[in-house]
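For reference, the chains in residue letters:
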Amino acid sequence: MLPMRGVIVDVDHDLGNREQTIIRLYVRGEDGSVHVIRKEYTPYFYVLSENPEDTVQKIRELSGVKSAEIVERFVRWEKKRVILVRVAHQKYINRIREKIKEMGGECREHDINVERKFLYEHGLEPLGGIDTETLSPVETRVEPVIAAFDLEVYAKDRMPEPDRPENEIIMASWVDSTGRRVVITTKDIERDYVVKVETEAQIISELNRLMREVDPDIVLTYNGDNFDLPYLRERARFLGMRIPWGRDGSEPRIRRGPTGNTTVDIAGRAHVDVFQIVQFMAGIGAINSIHLDLESVYEAVLGKKKVKIKHMDIADQWRSGDLGLLADYNLQDSIACYELGMEFLPLYVELSRITVSPLPNTTRMSASQLVEWTLIRRAFKMGKVVPRKPREEEVRARMMETYQGAFVKEPVPGLHERIVVLDFRSLYPTIIISHNVDPDTANAPYCSRENAYVSPVGHYFCKEPKGLIPGMLEEVLELRFALKDKLKKMDKDDPDYKPLYAKQKALKIVANATYGYLGFARARWYCKVCAEAVTAWARHYIKKVMKWAEEHGFTVIYGDTDSVFIKLGEDQTLEDALAFMGWVNERLPKPMALDFDGYYVRGIFLSKRRSGKAAKKKYALIDKKGRLKITGLEYVRRDWAEIAKEVQAKVLEYVLKEGDVKKAVDYVKRVIADVRAGKIPKEKLIIYTQIQKELDRYAARGPHVAAALKAMKRGVHIEPGMIIGYIITKRGSSISDKAELAQFVREGDYDPEYYVEHQIIPAVLPILEELGYDERALKQDAGQRSIFDFT
DNA sequence: TAATTCGCTAGACCGA
DNA sequence: TCGGTCTAGCGAA
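Values in this document were obtained by computation on a predicted structure and should not be read as measured data.

Scoring rules and cut-offs
- Residues numbered from 1 in each chain as written.
- Chains lettered and ligands numbered in written order.
- Predicted model: local features only at pLDDT ≥ 70, side-chain atom pairs only at ≥ 80, totals over all residues.
- Heavy atoms only, no water.
- Helix = DSSP H or I, 4+ residues; strand = E, 2+ residues; numbered from the N terminus.
- Areas by Shrake-Rupley, 256 points an atom, 1.4 Å probe, with all protein chains shown as cover.
- Lys, Arg positive; Asp, Glu negative; His and termini not counted.
- Charge placed at Lys NZ, Arg CZ, Asp CG, Glu CD.
- Disulfide = S-S within 2.5 Å.
- Buried < 20%, exposed > 50% of the residue type's maximum accessible area, 1.4 Å probe, protein only.
- Phe/Tyr/Trp six-rings, centres within 6.5 Å; stacked < 30°, edge-to-face > 60°.
- Lys NZ or Arg CZ within 6 Å of the ring centre and 35° of its normal.
- Pairing = 2+ DSSP bridges.
- Axes fitted to C-alpha atoms, helices over the stretch in contact; angles between N-to-C directions.
- Contact = heavy atoms within 4.5 Å.
- Near = heavy atom within 4 Å.
- Polar contact = N/O pair within 3.5 Å; in protein donor to acceptor, adjacent residues only side chain to side chain.
- Core = buried A, V, L, I, M, F, W, Y, C linked by side-chain atoms within 4.5 Å.
- Salt bridge = Lys/Arg side-chain N within 4 Å of Asp/Glu carboxyl O.

K.L.:
I'd like a description of the overall build of chain A, backed by residues and values.
P.N.:
Helices and strands together make up the secondary structure of chain A, namely 23 helices and 29 strands. Accessible surface for chain A amounts to roughly 37,100 Å². Of this, 47% is attributable to carbon and sulfur atoms. Charge centroids of chain A, computed over 124 positive and 120 negative side chains, lie 3 Å from each other.

Dropping the structure here:
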């Protein structure tokens, strides 16, 4: 093979080889060719021992050990003599570990896989450039070949099973970066993208052919982990076929996790299940959509609509319906999956490079894993031995430890004008950096308190040397701030804009999750003392800024964690507030800094519903352009009916934009009358709630549980994690009795009193009450006849 | 099985 | 029937 430059699209090791550990790098070259580079690798791990000289001798005698030598590495803050053990093959590691444990040695890094170690040692990154001759990193840009596919399966009234003959694959669509857009099916359909074949088996062979000929580096699916790929593989088997999609001719490998969830790997290609990405993005709030099905997400993320056919209707459509529509739907599934994949890939390419993890791993990682792999890579660079994972009993003990979090100032309820919001830029990360907060500097014996930062709760952190975590964060933040500056000056159409934007976003995700990681019971670098100190400093600094603001003559009306809401006096301007911000920034330890978050002409802070005291985390602001920013109110909650949210937003608009409370009250009265008249359409009455555990494990049977139980009796499948939508109907005594899944409720069948008393009034009354109105004002003439109407 | 704590609110539940 | 307490869910940061 000629030496060349390219991009690493996947890395694995040859599972079939039981003699040697062979690392395989799959490289897409600058000229578009694909190469597999095979390199023998000797796996290694470390052993900590009281008496390394003795232990190393004993280890050398164990079978399967290739070599053992004493090396110097950092174990926490100390430079120590540790044993580096190299083994002949991966498969020996567990047995050798057991033996070493018996000798009293402690193993480290045995659970860090060989692919990553190989990449660390060569300074390589997945989706980064490589010179195939020297195996060293190079700067290059190569576009990987990307494909998406989707199956439609014939299933009537029940989940399809691959070994039931009638549950056949009736259609498959394929979309790729070379421009192909096809639907393969066995019926004649009037669409120019349809390829007609004779049998189900031929649909599968056609997919096999596409995989071989297009040879994609990245294969995108939407829920391919749990449906399309396992089903296709099993169905092929049922038909006596194979799907040799791996670049080594292997079939997709299905790995089952502890929850029954599966991951499907295709050797040499990166199988990216876009649904996994979507779930993660929804979890961190980057996607705001109640439902995560392909149609909803396609619209929420890209603002595009596509055809939706319910799973249950596919069989009917296939037998006697509109085949063209079914084909459109199937093709659009692949197109939507492909486009969503393209939207998120730049971000995940960067996460793969930061964490030095292949794309199939990164796209399935939790926030803690992203942080941890970033730290593991850095530990390797610094010659630090990676701490082991905690044992189950340690995890349980850690979960018992709690600590105090952020400070939230009690607001001054009511209307306010001319509000300036200042907030700390990346507060927790900058505290960690400026105070060298790290598990290895925390209360460490090697420094005195004079050479340490002492937190407000008394923990101290040695100033030197720079800890692993502050070091990582410093690098991440510096890079990110530099990128953001660069992006500001760039044209959004610049081809570099998107990858750079993705990179800063990837850095943000890792930086933001790092504090939480310190308090996460399963973390290798768990440090409760650190997390506790971070929040203590955060409380200290935010209170200090509030105090300084008051001393500068400003009125502080609210603040939460890292923000300060300043109300300008008559003789104060925005510039005064910004000057104050500059003054503060000169006094904060670097890189801590206050930022200007926004200026709002008016805002309302509410009182708590039952006690009447000021409510935290509930307010609405309006800016100069008339844009509302609603925080914490029912409007932003999915477990409130649309009708209540809509009315609340309108009321806020009348009050904040037009300053017309009377108009708001009249409007609410009209809506209440409509509700009582039964005029509200079904969709606006649905309340969405997540079922968080098995239904029989609920101690309190709330409306959502009651609705779910009733639905289950009617044959609906309910499982933890599902978001269900229910409506409070007319039939029943308690609210739970009246709750029914929306799909079983007829238009007009709702309990008007529930929606008035438990949805609309609670959503608007706290707002109106701040402005001097009470409940009676809403009820007068609100469609409810007064006694005089009858006389 | 996989970032944290703070805070609000609804509705069931329970005992007087 | 009332009022306090507990369970549950979701959002802010």
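Having put the structure on the table, let's press on.
K.L.:
Now, about the state of the cysteines: what can you tell me, with residues and values included?
P.N.:
Under the definition given, this model contains two disulfides. The residue that forms a disulfide with cysteine 447 is cysteine 462, at a sulfur-sulfur distance of 2.0 Å. Handedness here is read from the sign of the S-S torsion; for cysteine 447 and cysteine 462, about -85°, the answer is left-handed. In this pair, cysteine 447 sits in the loop between helix H13 (427-434) and strand S20 (452-454) while cysteine 462 sits in strand S21 (residues 460-462), placing the two residues 15 residues apart along the sequence. The two residues cysteine 447 and cysteine 462 agree in class, both being buried. Each sulfur of the disulfide joining cysteine 527 and cysteine 530 lies 2.1 Å from the other. Here the disulfide of cysteine 527 and cysteine 530 is right-handed, its torsion about the S-S bond being about 70°. Once the bonded cysteines of chain A are numbered in order along the sequence, the disulfide links fall as 1-2, 3-4.

K.L.:
An account of the packing of aromatic side chains is needed here, citing residue identities and associated values.
P.N.:
Here a ring pair, both rings aromatic, is described through the centre-centre distance and the interplanar angle of the planes. Here the structure, examined in full by the defined rule, presents 22 aromatic pairs. With 5.8 Å between their ring centres and 85° between their planes, tyrosine 750 and tyrosine 755 make a pair best called edge-to-face. Judged on exposure class, the residue tyrosine 750 and its partner tyrosine 755 are both buried. Through a chain of ring-to-ring contacts, three or more aromatic side chains come together here, namely Trp548, Phe554, Phe580 and Trp583. Sitting above the plane of the tryptophan 373 ring, arginine 116 keeps its charged end 3.6 Å from the centroid.

K.L.:
Outline the sheet that holds strand S14 (residues 218-221), listing residues and values.
P.N.:
Adjacent strands of a sheet pair through backbone hydrogen bonds, lying either parallel or antiparallel. What the six strands build is an open sheet, ordered S13-S12-S11-S10-S14-S17; its pairing is mixed. Since the sheet does not close on itself, it has two edges, and those belong to strand S13 (194-196) and strand S17 (270-273), each with one partner. Each neighbouring strand pair of the sheet contributes to a mean axis angle of 25°, computed without reference to strand direction. Where S14 lies against S17, four bridges are found, and the strand directions are parallel. Its bridge partner lying in S17, isoleucine 218 is registered against alanine 270. The strands touched by helix H5 (residues 224-238) are strand S10 (146-153), strand S11 (169-176), S14 and S17; relative to S10, the strand with the most contacts, the crossing angle is about 70°. Relative to S11, helix H8 (residues 311-320) is tilted by about 100°, and along the sheet it contacts S10, S11 and strand S12 (181-185).

K.L.:
How would you sum up helix H3 (residues 114-122)? Please name residues and give values.
P.N.:
For H3, the buried fraction is high: seven of the nine residues fall into the buried class. Among the residues of H3, Val114, Glu115, Arg116, Lys117, Phe118, Leu119 and Tyr120 are the ones counted as buried. Looking at the buried positions of H3, the neighbouring elements they touch are strand S1 (5-13), strand S2 (21-29), strand S3 (34-41), strand S4 (44-48), helix H10 (359-362) and helix H11 (367-382). Note on H3: the residue one or two positions beyond its end, glycine 123, has a positive phi of about 65°.

K.L.:
Give a description of the protein's contact with DNA strand B that names residues and reports values.
P.N.:
Neighbouring residues of DNA strand B: 32 residues in total, closest Thr259, Ser368, Arg522, Ser736 and His758. Counting only the atoms of DNA strand B that lie within 4 Å of the protein, the sugar and phosphate share comes to 82%. Serine 368 has a polar side-chain atom sitting 2.7 Å from a phosphate oxygen of DNA strand B. Within the side chain of lysine 616, one N or O atom sits 2.9 Å away from a phosphate oxygen of DNA strand B.

K.L.:
If you had to explain the nonpolar core to someone new, which residues and values would you point to?
P.N.:
Grouped together as the largest cluster of nonpolar side chains are 143 residues, with contacts concentrated most on Leu25 and Leu220. Among the elements that make up this core, the one with the highest residue count is helix H9 (residues 323-355) (16 residues). Not counting residues up to four positions away in its chain, the partners in contact with leucine 25 are Ile8, Asp10, Val11, His35, Val36, Ile37, Phe118, Leu119, Leu124, Ile130 and Leu135. Counting 56 residues, the second largest nonpolar core, distinct from the first, contains Ala620, Ala664, Val671 and Val756.

K.L.:
Give me the lowdown on the pairing of strand S28 (residues 723-728), citing residues and values where you can.
P.N.:
Among the six residues that make up S28, five are buried, leaving the element largely enclosed by the rest of the structure. The pairing of strand S27 (residues 687-690) with S28 spans four bridges and is antiparallel. Across the sheet, residue threonine 689 finds its bridge partner in S28, namely isoleucine 724. Sheet topology note: the S28/strand S29 (residues 739-741) ladder contains three bridges and is antiparallel. Looking across to S29, one finds that tyrosine 726 is bridged to leucine 741.

K.L.:
Hey, could you go over the pattern of salt bridges for me, with residue numbers and the actual values?
P.N.:
With the rule as written, the count across this model stands at 62 salt bridges. A salt bridge links aspartate 215 to arginine 247, with the shortest nitrogen-to-oxygen separation between them at 3.1 Å. On the criterion of sequence distance, the pair formed by aspartate 215 in the loop between helix H4 (200-214) and S14 and arginine 247 in the loop between H5 and strand S15 (253-256) is long-range, its members being 32 residues apart. For arginine 776, the salt bridge identified is with aspartate 774, shortest N-O distance 3.4 Å. Given the relative accessible area of 62%, arginine 776 is considered exposed. For aspartate 774, a relative accessible area of 29% translates into the label partly exposed. Here the salt bridges do not stand alone but share partners, grouping Arg28, Asp215, Asp217, Arg247 and Arg269 into one network.

K.L.:
Residues and numbers for the pairing of S11, please.
P.N.:
The buried fraction of S11 amounts to eight of the eight residues, a majority that puts the element mostly inside the structure. Across seven bridges, S10 lies against S11 in antiparallel orientation. By the bridge assignment for S11, aspartate 150 is matched with serine 173. Note that S11 and S12 share five bridges and pair antiparallel. Across the sheet, the residue bridging to tryptophan 174 is valine 182, located in S12. Where S11 folds back onto S12 in an antiparallel hairpin, the turn is made up of four residues, including glycine 179, whose phi is positive at roughly 105°.

K.L.:
Give a detailed account of the side chain of serine 334, specifying residues and quantitative values.
P.N.:
Among the structural elements, serine 334 can be located in helix H9. Polar side-chain contacts of serine 334 include one of 3.3 Å to the backbone nitrogen of aspartate 150. Residues contacting serine 334, with those up to four places away along its chain left out, are Ala148, Phe149, Asp150, Ser173, Trp174 and Val175.

K.L.:
So what's going on with the environment of lysine 779? Which residues, and what values?
P.N.:
With respect to the helices and strands, lysine 779 occurs in helix H23 (residues 775-779). Owing to a relative accessible area of 26%, lysine 779 belongs among the partly exposed residues under this scheme. C-alpha of lysine 779 to C-alpha of serine 173: the two residues are 606 residues apart in sequence and 57 Å apart in space. Setting aside chain neighbours within four positions, we find lysine 779 in contact with Glu757 and Ile761.

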